[in-house]
Amino acid sequence: MEANDFTIDDLDAIKPILPHDDLLFDELAAAYNFRNVSDRSRLFARLIIKELQHRPSPRGVVDAGCGLGLGRGKQAQDYVRAIAAHCEQYFGVEPDPDVKPTHGCFDQLQHALFEESELPTEQFDVVYSFLVMEHVTDPVPFVETAYRALKPGGVFIFMTMNQRHYFTRIASALHRLKIDEPVLRMVHGKKTENYHYPVAYRFNHPKIIDQVAERVGFESPQYAYTEVKGPVSYFPGPLRLFYNWRLRSRQNRKAPERLLEIYGRMVKPVNQ
C-alpha cells in the first residue's frame, strides 16, 4: 500500500469540528477537554496521523483489536481510511473470527488475541488500541507485543474508559458482582452480546498502566482525558437525575483525571 499525498485535513471525515479536535497530544494533556472535542474516534485518528506525519517513510501501523473501524458510527471505517492514507504498511489484529473489516485498508489482517499475534519485530512506527484495554485480561503480554513490534522511538497510543470515572467504577463493581450483563440488558433492552465484548477492567487505570509500561521497558506514559457526552444512555428515566448532577460537577469542578475517556501515549526508547 502506498501512502497518499494527503494532509490531515484533506479528508472530510476527520476535519476538526470543536476547538480541541486539533490539539497535539501534549496540548490535549494540558487542557480541560470536557465537551471540547466533537468525537473520540475523530480525535484519536487525528492523534495517530499527527504521529505519522513526523516520521520518515516507510511508515507502519498496527491496529490492536481493529474490529470494523474506529468506533461504531457510520464514519468508523472512514477514520481507518484516513490513517491508511498516511502510512505504507497497515496491519490489523482482531480476536473475533466473525469480524471481517470491509474497508480494504489492511495489508494483513490476523484473527487472534493481540498478545498471540505474529507481527514483524521492530517494524512499526505506531501501534494503537481503541476501546480495547478495558477488555484485556493479562496486560503484560499485551504491552510486550506492542513493544516488540515497534521500532525504537515508536509509540503505543491507546484510548480506554478511565477507571477513575464514576461510571467506570460503577460498571467495574457490577462486573465483580457478576451482575453487569443483566443490568446492561435491563438498561438497553437488548442482548449485550450483540454490542460489546466481555470486559475485564484490569488495565484502564493510570497506576496499573504505569507499572506495566515500566516493567516492559517503555518510557513513562503520557495521559490526556476527554469527555464528550458521557454515559447518558446508561441513565434513563429517574436515573437521569444522577447523570445531570454529575454533569454539573464536571462543569464546575475541573478535574481532568476524572473524565470518562483516557488517552495514553508511551514511547519505546531509542537507546535500549
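Undergrad: Could you give an account of the overall build of the chain, naming the residues involved and the relevant values?
TA: When its secondary structure is counted, the chain shows eight helices and eight strands. Counting only residues that meet the buried cut, the chain has 53% of its 272 residues in that class. Sequence separation of 24 or more characterises 76% of the internal contacts of the chain that already satisfy a separation of 6 or more.

Undergrad: Hey, could you go over the packing of aromatic side chains for me, with residue numbers and the actual values?
TA: Overall, the coordinates contain 16 aromatic pairs when judged by the stated rule. Look at phenylalanine 156 and phenylalanine 158: their rings are 5.6 Å apart centre to centre, the planes differ by 40 degrees, and that puts the pair in the tilted class. The residues phenylalanine 156 and phenylalanine 158 share a single accessibility class, namely buried. With a centroid separation of 6.3 Å and 70 degrees between ring planes, the pair formed by phenylalanine 167 and phenylalanine 235 is classed as edge-to-face. With phenylalanine 167 in helix α5 (residues 166–176) and phenylalanine 235 in the loop between β7 (222–227) and α8 (240–252), this pair connects stretches of sequence that are 68 residues apart. Summarising the burial analysis for this pair, phenylalanine 167 and phenylalanine 235 share the class buried. By way of ring pairs, the aromatic residues Tyr166, Phe167, Phe235, Phe242, Tyr243 and Trp245 are connected into one cluster. The residue whose ring lies beneath arginine 246 is tryptophan 245, and the NZ or CZ to ring-centre distance is 4.8 Å.

Undergrad: Describe in detail the sheet that holds strand β5 (residues 124–130), supporting the description with residues and values.
TA: If you trace the eight strands from one edge of the open sheet to the other, you get β1-β7-β8-β6-β5-β2-β3-β4, paired in mixed fashion. Across the chains shown, the open sheet's two edge strands, defined by having one partner strand only, are β1 (33–34) and β4 (108–111). Relative to strand β8 (residues 261–267), strand β6 (residues 150–161) is paired through seven bridges, and the arrangement is antiparallel. When the sheet's bridge partners are listed, methionine 161 is paired in β8 with glutamate 261. Against the sheet, helix α7 (residues 206–216) contacts β6, β7 and β8, and its axis sits at roughly 150 degrees relative to β7.

Undergrad: With reference to specific residues and values, describe the packing of helix α2 (residues 40–53) against helix α3 (residues 76–84).
TA: The contact between α2 and α3 brings their axes to 9 Å, and the two run at 5 degrees. With respect to each other, α2 and α3 are oriented roughly parallel. For the pair α2 and α3, contact is made by Ser41, Arg42, Ala45, Ile48, Ile49 and Leu52 and by Tyr79, Ala82 and Ile83, respectively. Its residues placed into classes, the contact of α2 with α3 shows seven nonpolar, one polar and one charged.

Undergrad: Tell me about the side chain of serine 129, and please be specific about residues and values.
TA: Inspection of the secondary structure puts serine 129 in strand β5. Overall, the relative accessible area of 0% leaves serine 129 in the buried class. Those residues in contact with serine 129, other than ones at most four positions away along the chain, are Phe44, Ala64, Phe142, Phe156, Ile157, Phe158 and Met159.

Undergrad: Can you lay out the pattern of salt bridges for me, pointing to particular residues and giving the numbers?
TA: Throughout the structure, instances matching the rule amount to 10 salt bridges. Ionic pairing is found between glutamate 261 and arginine 40, a salt bridge with its closest N-O pair at 3.0 Å. Separated by 221 residues along the polypeptide, glutamate 261 in strand β8 and arginine 40 in helix α2 bring together distant segments of the chain. Note that lysine 151 and aspartate 125 form a salt bridge whose closest N and O atoms lie 3.0 Å from each other. With lysine 151 in strand β6 and aspartate 125 in strand β5, this residue pair connects regions lying 26 residues apart in the sequence.

Undergrad: Explain the pairing of β7 to me, and be specific about the residues and the numbers.
TA: In terms of burial, β7 is a largely internal element, five of the six residues being buried. Of the pairings in the sheet, the one linking β1 to β7 comprises two bridges and is parallel in character. Its bridge partner being in β7, asparagine 33 is matched across the sheet by threonine 226. In the sheet, β7 pairs with β8 via five bridges, with the strands oriented antiparallel. Pairing of threonine 226 across the sheet is with glutamate 261, part of β8.

Undergrad: Lay out the nonpolar core in plain terms, naming residues and giving numbers.
TA: Across soluble globular proteins, nonpolar side chains have a tendency to be buried as a group. Grouped together as the largest cluster of nonpolar side chains are 76 residues, with contacts concentrated most on Ile83, Tyr90, Tyr128, Phe142 and Phe156. Setting aside residues up to four positions removed in sequence, phenylalanine 156 forms contacts with Val127, Tyr128, Ser129, Met133, Phe142, Ala146, Leu150, Phe218, Gly264, Arg265 and Met266.

Undergrad: For the pairing of strand β2 (residues 60–64), give the residues involved together with the corresponding values.
TA: By the criterion of burial, β2 is predominantly enclosed, with five of the five residues buried. Because side chains alternate across β2, one face comprises the buried residues Gly60, Val62 and Ala64, and the other comprises Val61 and Asp63, equally buried. In the sheet, β2 pairs with strand β3 (residues 89–94) via five bridges, with the strands oriented parallel. Bridging from a neighbouring strand, valine 61 pairs with tyrosine 90 of β3. What joins β2 to β3 is α3, and the crossover it makes is right-handed.

The rules behind the values
Each chain has its residues counted from 1, running along the sequence as written. Residue-level local features of this predicted model are given only where pLDDT is at least 70; pairs of side-chain atoms are given and counted only at 80 or more, and the full residue set underlies all totals for whole chains, interfaces and linings. Heavy atoms throughout the structure, all of them, feed into the side-chain values; hydrogens and water do not. Per the convention used, a helix needs a DSSP run of H or I reaching at least four residues, while a strand needs a run of E reaching at least two, with both numbered from the N terminus. When a residue's accessible area, from a 1.4 Å probe over protein chains only, is under 20% of the maximum for its type it is buried; when over 50% it is exposed; and in between it is partly exposed. In what follows, residue pairs with any heavy atoms lying within 4.5 Å of each other are defined as contacts. Between 30 and 60 degrees the pair is tilted, below 30 it is stacked and above 60 it is edge-to-face, where a pair is any two Phe, Tyr or Trp rings, Trp via its six-membered ring, whose centres lie within 6.5 Å. Think of it as a cone above the ring: NZ of Lys or CZ of Arg counts as a charge over the ring if it is within 6 Å of the ring centre and within 35 degrees of the ring normal. By definition, two strands form a pair when at least two bridges between them are found by DSSP. An axis is simply a line fitted to the C-alpha atoms; with a helix, the fit covers only the stretch in contact. Between two such axes, the angle follows the N-to-C directions and lies from 0 to 180 degrees. The scheme is simple: roughly parallel for angles under 35 degrees, roughly antiparallel for over 145, roughly perpendicular for 65 to 115, oblique for anything else. Asp, Glu, Lys and Arg are counted as charged, while Ala, Val, Leu, Ile, Met, Phe, Trp, Tyr, Cys and Pro are counted as nonpolar; the rest, among them Gly, fall into the polar class. When a carboxyl oxygen of Asp or Glu is within 4 Å of a side-chain nitrogen of Lys or Arg, the pair counts as a salt bridge. Note on terminology: a nonpolar core comprises buried Ala, Val, Leu, Ile, Met, Phe, Trp, Tyr and Cys residues joined through side-chain atoms within 4.5 Å. Think of it like this: strands point away, you trace from the first strand over the helix to the second, and a clockwise trace means the crossover is right-handed.

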